Amino acid sequence: MGVGAKNKIVAGLLGILLGWLGIHKFYLGYTKQGLIMLFVSIFGSLIKVGPFIMGIIGLIEGILYLVKSDEDFYSTYVQNKKKWF
């Protein structure tokens, strides 16, 4: 891993704590996916399910980030840019 490499612990905690806003996606450089999560949370709050659904996705992704080895995390999410789960 080099300069600018993303930390899996930071990404995992952002996913768990602020995943409903897509903050972990922005941190990893996935702007489009982060905006999708943010907009679904904002507009989905009108019917009360958007933030809940995005929160579940953020929680799952945060946990997945944390349980992967550093090398696997880097390979999957930084090098290969796997965007969802």
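Going by the structure above, here's the rest.
Some details on the overall build of the protein
Stage number 1. Assigned secondary structure in the protein consists of 5 helices and 0 strands.
Stage number 2. For a compact globule of 85 residues, the expected C-alpha radius of gyration is about 12 Å, and the protein comes in at 13 Å, within 12% of that figure.
Stage number 3. Dimensions of the protein, computed from C-alpha atoms along their principal axes, come out at roughly 40 × 20 × 15 Å.
Stage number 4. Scored against the burial criterion, the 85 residues of the protein give a buried share of 33%.
Stage number 5. Looking at the protein alone, contacts between residues at least 24 apart form 54% of all its contacts between residues at least 6 apart.
Stage number 6. Surface exposure of the protein reaches about 5000 Å², of which carbon and sulfur atoms provide 71%.
Stage number 7. If the 9 positive side-chain charges of the protein are averaged to one point and the 4 negative ones to another, these points end up 12 Å apart.

Some thoughts on helix H5 (residues 70–79)
Stage number 1. Within H5, burial applies to Phe-73, Thr-76, Tyr-77 and Val-78. The buried residues of H5 occupy an angular sector of 160 degrees when the element is viewed end-on, so they sit on one face. Along H5, exposed side chains directed more than 90 degrees from the buried face belong to Glu-71 and Gln-79.
Stage number 2. Phi for Lys-81, located one or two positions after H5, is positive at around 55 degrees.

Quick notes on the pattern of salt bridges
Once their charged atoms are close, side chains differing in charge can pair, the charge on each being opposite to the other.
Stage number 1. Within this structure, the stated rule accounts for 3 salt bridges.
Stage number 2. Of the charged contacts, one joins Lys-8 and Asp-70 as a salt bridge, the two residues approaching to 3.7 Å between their closest N and O atoms. With Lys-8 in helix H1 (residues 8–18) and Asp-70 in helix H5, this pair connects stretches of sequence that are 62 residues apart.
Stage number 3. The class of Lys-8 is buried, set by a relative accessible area of 14%.
Stage number 4. Residue classification places Asp-70 among the partly exposed positions, given a relative accessible area of 38%.

Digging into the environment of Leu-35
Stage number 1. Inspection of the secondary structure puts Leu-35 in helix H3 (residues 31–44).
Stage number 2. Separated by 10 residues in the primary sequence, Leu-35 and Lys-25 place their C-alpha atoms 8.6 Å from one another.

A look at the environment of Leu-38
Stage number 1. Tracing the backbone through its elements, the reader meets Leu-38 in helix H3.
Stage number 2. In this structure Leu-38 comes out as partly exposed when scored by relative accessible area, which is 23%.
Stage number 3. On a C-alpha basis, the gap between Leu-38 and Leu-21 in space is 4.7 Å, while along the polypeptide they are 17 residues apart.

Some words on the nonpolar core
Stage number 1. Counting 7 residues, the largest nonpolar core consists of Ala-11, Leu-28, Tyr-30, Tyr-65, Phe-73, Tyr-77 and Val-78.
Stage number 2. Take this core: its biggest share by element is 3 residues, from H5.
Stage number 3. Among residues more than four places away in sequence, those in contact with Leu-28 are Lys-6, Ala-11, Tyr-65, Phe-73 and Lys-81.

Criteria and thresholds
Residues numbered from 1 in each chain as written. Predicted model: local features only at pLDDT ≥ 70, side-chain atom pairs only at ≥ 80, totals over all residues. Heavy atoms only, no water. Helix = DSSP H or I, 4+ residues; strand = E, 2+ residues; numbered from the N terminus. Rg over C-alpha atoms; globule rule 2.2 N^0.38 Å. Buried < 20%, exposed > 50% of the residue type's maximum accessible area, 1.4 Å probe, protein only. Contact = heavy atoms within 4.5 Å. Areas by Shrake-Rupley, 256 points an atom, 1.4 Å probe, with all protein chains shown as cover. Lys, Arg positive; Asp, Glu negative; His and termini not counted. Charge placed at Lys NZ, Arg CZ, Asp CG, Glu CD. Arc of directions from axis to C-beta. Salt bridge = Lys/Arg side-chain N within 4 Å of Asp/Glu carboxyl O. Core = buried A, V, L, I, M, F, W, Y, C linked by side-chain atoms within 4.5 Å.

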